[in-house]
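What the coordinates show
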Amino acid sequence: TFFLIMLGVALHGLCYDFFFVTGFIYTDKRAARQITGQAQGLVVLLTYGLGLAIGGYVTGELYNNIVGDKVGREALPLIQKFWLWPCAFAAVVFCIFTALFRDDTNEPPIGPTISDDTRRGFEVVESEGTPTIADI
């Protein structure tokens, strides 16, 4: 069982890297420079906020419906049944993502252009690199 625990920890790290970090990199490439911070904030809200809250609630309800208050040897086959649901859900999401995802990182970024900001009366300051606290 120790091997399975270590395998689970390793898989968790890979999933974290491929989902969250890749999502942040993709968002950074696709959002216009003027709205990169807002786009990253939206990704955090949807994944760490709403996604975590909804996923935690649904998973808790699923566990309560399948395993309930059973413990020990009585709960073991039910826990296996419980984990089949998240695995099936992940497989369905993977298939949908694979079928619908379009890599458009070579297209221009999405968001307001400099002319849009200038028309609205915002001053656009071009700078090199990532803004620091000194730029504020």
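Scroll up to find the structure this text is about.
These numbers were taken from a predicted model, which means no experiment stands behind them. (Residues numbered from 1 in each chain as written. Predicted model: local features only at pLDDT ≥ 70, side-chain atom pairs only at ≥ 80, totals over all residues. Heavy atoms only, no water.)

1. Details of a nonpolar patch on the surface
- There is a patch of nonpolar side chains on the surface, built from Leu42, Leu45, Leu46, Leu50, Ile54, Tyr57 and Val58 and spanning about 700 Å² of accessible area.
- Position of Leu45 relative to the elements: it lies in helix α2 (residues 36-66).
- Accessibility expressed as a relative area gives 46% for Leu45, which makes it partly exposed. (Patch = residues over 30% accessible without salt bridge, like charges linked within 9 Å, V, L, I, M, F, W, Y side chains within 5 Å. Areas by Shrake-Rupley, 256 points an atom, 1.4 Å probe, with all protein chains shown as cover. Salt bridge = Lys/Arg side-chain N within 4 Å of Asp/Glu carboxyl O. Helix = DSSP H or I, 4+ residues; strand = E, 2+ residues; numbered from the N terminus. Buried < 20%, exposed > 50% of the residue type's maximum accessible area, 1.4 Å probe, protein only.)

2. Things to note about the packing of α2 against helix α3 (residues 76-100)
- Look at α2 against α3: their axes get within 9 Å of each other, and the N-to-C directions meet at 145°. The two elements α2 and α3 cross, and the hand of that crossing is right-handed. Contacts from Thr59, Leu62, Tyr63 and Ile66 in α2 reach Leu78, Ile79, Lys81, Phe82, Trp85 and Pro86 in α3.
- Residues of the contact of α2 with α3, tallied by class, amount to eight nonpolar, one polar and one charged. (Axes fitted to C-alpha atoms, helices over the stretch in contact; angles between N-to-C directions. Left-handed = near helix turned anticlockwise from the far one by under 90°. Contact = heavy atoms within 4.5 Å. Nonpolar A, V, L, I, M, F, W, Y, C, P; charged D, E, K, R; others polar.)

3. What about the packing of aromatic side chains?
- Within the structure shown, the criterion is met by seven aromatic pairs.
- Ring centres of Tyr16 and Phe20 lie 5.0 Å apart, and the angle between their planes is 40°; this geometry places the pair in the tilted category. Highlighted residues: Tyr16 and Phe20, both in helix α1 (residues 2-30), separated by four residues, approximately one helical turn.
- A relative accessible area of 34% places Tyr16 in the partly exposed class.
- When the ring of Phe20 is compared with that of Tyr48, the centres are 4.7 Å apart and the planes differ by 10°; the resulting orientation is stacked. With Phe20 in helix α1 and Tyr48 in helix α2, the pair connects residues that are 28 residues apart, well separated along the chain.
- Phe20 sits in the buried class, given a relative accessible area of 17%. (Phe/Tyr/Trp six-rings, centres within 6.5 Å; stacked < 30°, edge-to-face > 60°.)

Everything listed is a geometric property; what it means functionally is a separate question.
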